[in-house]
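Results of the structural survey
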Amino acid sequence: MRYSRLFIPTLKEAPADAEAISHKLMVRAGFVRQLAAGLYIYLPLGQRVMQKINEIIREEMNAIGGQEVTMPVLNPAEVWQQTGRWDAIGDEMFRLKDRGGRDMCLAMTHEETMTWLAAHDLRSYRDLPQIWYQIQTKVRDEARPKSGILRTREFTMKDSYSFDCDEAGLDKSYQLHLEAYKKIYSRCGIKFFVVQSDTGMMGGSMAHEYMAPSPAGEDEVALCEGCGYAANVELALSVPKASKSPDWNFEEVATPERRTIDEVTRFLKVTPDLLIKSILVMSDNGPVLALVRGDQMLHEKKLAKLIGPHRPAQKDEVKAALGVPAGFIGPMGHAIRKIADPVLKQGLYAAGANKEGYHVKGVSAEKHLADAEFSDIHVAGAGDACAQCGKELRIERVIEIGNIFKLGTKYSAPLKANYLDENGNEKAIVMGSYGIGPARIAAAAVEQGNDENGIIWPPAIAPYQLLIVPVNVKDRKSMDIAEEMYAALEEKGFEVLMDDRDERAGVKFKDADLIGIPWRIVIGEKNLKEGMVEIKERRNGVVEKVKVEETIEKIAKKLVLEA
RNA sequence: CGGGGCGUGGCGCAGCCCGGUAGCGCGUCUGCUUUGGGAGCAGAAAGUCGGAGGUUCGAAUCCUCUCGCCCCGACCA
């Protein structure tokens, strides 16, 4: 392709409202444009990147026996009502009515329609297993679209669904996806971790997430170098370092107007890990007291697994439930359910005295938390020890680029997706669901591959493999050689972009760096006098001078190696 | 949904506090010169200041409402 005919609107400055590096660079380099909050236009270069990613996904999905289909984006309400999600999902679903007044929605995922299909057309154990997938649009009315292409309201997703007779079959389908996904991300050239994840609202028994390390990410994972344990901090188990308690006797201390952990630690001149944080939450079954160490954060999702949906109690609710003003709650007494983090089993702590203006020192688990249930409810933090092997955990910020779930019969049961087994018994199909966000792969690649001059694409998903830059298009000889190389390399099947614009060298070089094509051949008059051209690698800036007649062979070798 | 910020030629911004009908840089177009890291000079086109209402002789500037966008948090199938 000739640059002069390609629409690549590059910008010298990033739009002021872009924050994430990938957002800034993809806009500046002319890959995307924003239409509205969370709605993006893919320009020719962006489109090519997406197509390359999708093609890699397609190849790997086909390799595990996946069959590509396409579900409608516009869905009737009925299937969603049957699984209960019509009501369970709130504002995040776009809803509308057709001309006949029937309720419709825009699909934010496709468990319902895929399972509907299975219910209609899978009858016998002989039909199973099946893996169906699509690369298609999802629409979600996100509360807060952000970070450019990372969280949008409309996006392409590769979603696949497996249908098996039993758990053993599901295990196989799950394993196939687990491996296929690793290949996909590896081929795309990005760094990633596979971590255990929360099954969340999707239900099911097992889930993994694929996470690309990047400061622009919205999630955090805990990683153990020792045993390889890797989990989303939402469920990561960890053992905090034990605190060194002083030899406290149980006694009350006046702490007037000291309510927060910060105020109390400063007043008592102790570190936060010597306090017990008592947090009252309101669950469907009444108030629950959550107890964590002062330096820990309560993890709401971990707590939710134990007590269900809940919210922090209001100040007046604290007073009503415990008879204590907020800020002075202690773990002792209170005839309500108490859940304490296991770290509190050891040591002596300071805590609220259940009396306004007072705290107590010398609280111990055996004496004062006898009626509490112990369960890991803290957010795993850096420096905590791995719950499996004891080595120190590392916490990394990541972008979620894919996830896989064992669904079981969560969707097949309500939608009556059943089959007849060998004995003629009707059974529910056992399902799995698996998602990949191609746009997030692209964004993660940019987040991980860039420098002060622009994007550095991994070769496999770069919009073009090679850029030919004749420095001066008015120089006949340069152009003849450029044209010759361009034709020859295209002939060999490489994706070549030729910068045939009548621009100054600086402009061309700046644009070249910005859009991040892995290899570049620079054809200039000076080098040509010695019969040489330059091959420059984007990722490291290394320049190699090569003879004109050897160029095609040399660059072809490099490109083949990468393909 | 809570908190914060911002809407002025295509992009980045100034002007607003102390009302007098719009300015700078980049980009775009034309010409000449230049030509290996976002060129120089000369000239030109392009905005009615997010929208509506109000105050005023007069509003980008003040007031009210409203829409949009970004960031933090909540939420995230």
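Treat the numbers as computed from the prediction; the structure is a model and nothing was measured.

Parameters and conventions
Residues numbered from 1 in each chain as written. Chains lettered and ligands numbered in written order. Predicted model: local features only at pLDDT ≥ 70, side-chain atom pairs only at ≥ 80, totals over all residues. Heavy atoms only, no water. Buried < 20%, exposed > 50% of the residue type's maximum accessible area, 1.4 Å probe, protein only. Helix = DSSP H or I, 4+ residues; strand = E, 2+ residues; numbered from the N terminus. Pairing = 2+ DSSP bridges. Expected span 1.5 Å × (residues − 1). Arc of directions from axis to C-beta. Axes fitted to C-alpha atoms, helices over the stretch in contact; angles between N-to-C directions. Domains from an automatic or database assignment. Near = heavy atom within 4 Å. Polar contact = N/O pair within 3.5 Å; in protein donor to acceptor, adjacent residues only side chain to side chain.

What follows is about the pairing of strand β11 (residues 219-224). Counting buried positions along β11 gives five out of six residues, so the element sits mostly inside the fold. Across six bridges, β11 lies against strand β23 (residues 393-408) in antiparallel orientation. Residue pairing across strands places Asp219 opposite Val398, the latter belonging to β23. Looking at chain direction, β11 and strand β12 (residues 230-232) are connected through three bridges and run antiparallel. Looking at β12, one finds that Ala222 is bridged to Ala231. Following β11, the chain reverses through five residues before pairing antiparallel with β12; Gly228 in that reversal takes a positive phi of roughly 85°.

The subject of this paragraph is helix α15 (residues 548-562). With 15 residues, α15 extends 22 Å between its outermost C-alpha atoms, agreeing within 8% with the 21 Å of an ideal straight helix rising 1.5 Å per residue. Residues of α15 that are buried include every one of Thr551, Ile555, Ala556 and Leu559, and no others. An end-on view of α15 places all buried positions within 115° of arc, on one side of the element. Exposed positions of α15 whose direction lies more than 90 degrees from the buried face are Glu549, Glu553, Lys557, Val560 and Leu561.

Taken together, the three strands give an open sheet; going across it, the order is β14-β20-β19, and neighbouring strands pair in antiparallel fashion. Of all strands in the sheet, those with a lone pairing partner are β14 (251-254) and β19 (348-355), marking the two edges. Geometrically, the sheet is characterised by an average inter-axis angle of 35° between neighbouring strands, direction not taken into account. Of the strand pairs in this sheet, β19 and strand β20 (residues 358-364) are connected by five bridges, and their pairing is antiparallel. Its bridge partner being in β20, Gly352 is matched across the sheet by His359.

Splitting chain A by domain gives domain 1 (42-210 + 406-444), domain 2 (251-374) and domain 3 (464-562). One C-alpha centre belongs to domain 2, the other to domain 3; they are set 67 Å apart.

Further remarks concern the protein's contact with RNA strand B. What surrounds RNA strand B is a group of 41 residues, the closest being Ile89, Arg144, Asp513, Glu534 and Lys536. What you see for RNA strand B is that sugar and phosphate hold 50% of its atoms within 4 Å of the protein. A distance of 2.6 Å is found between a phosphate oxygen of RNA strand B and a side-chain nitrogen or oxygen belonging to Arg144. Here Asp513 contributes a side-chain N or O atom positioned 2.4 Å from a base nitrogen of RNA strand B. Listed by contribution, the elements that provide at least two residues to the surface near RNA strand B are β1 (32-36), α13 (505-515), β31 (519-523) and β32 (532-537). Sorting elements by how many residues they give to the surface near RNA strand B places α13 first, with eight residues.

Moving on, we get to the sheet that holds strand β6 (residues 103-106). Read across the sheet, three strands follow the order β4-β6-β5 without closing on themselves; strand pairing throughout is antiparallel. Each edge of the sheet is formed by a strand with only one pairing partner; in this case those strands are β4 (74-76) and β5 (95-97). Between one strand axis and the next, the sheet turns through 40° on average, direction left out of account. Relative to β6, β4 runs antiparallel, the two sharing three bridges. Residue pairing across strands places Pro76 opposite Met104, the latter belonging to β6.

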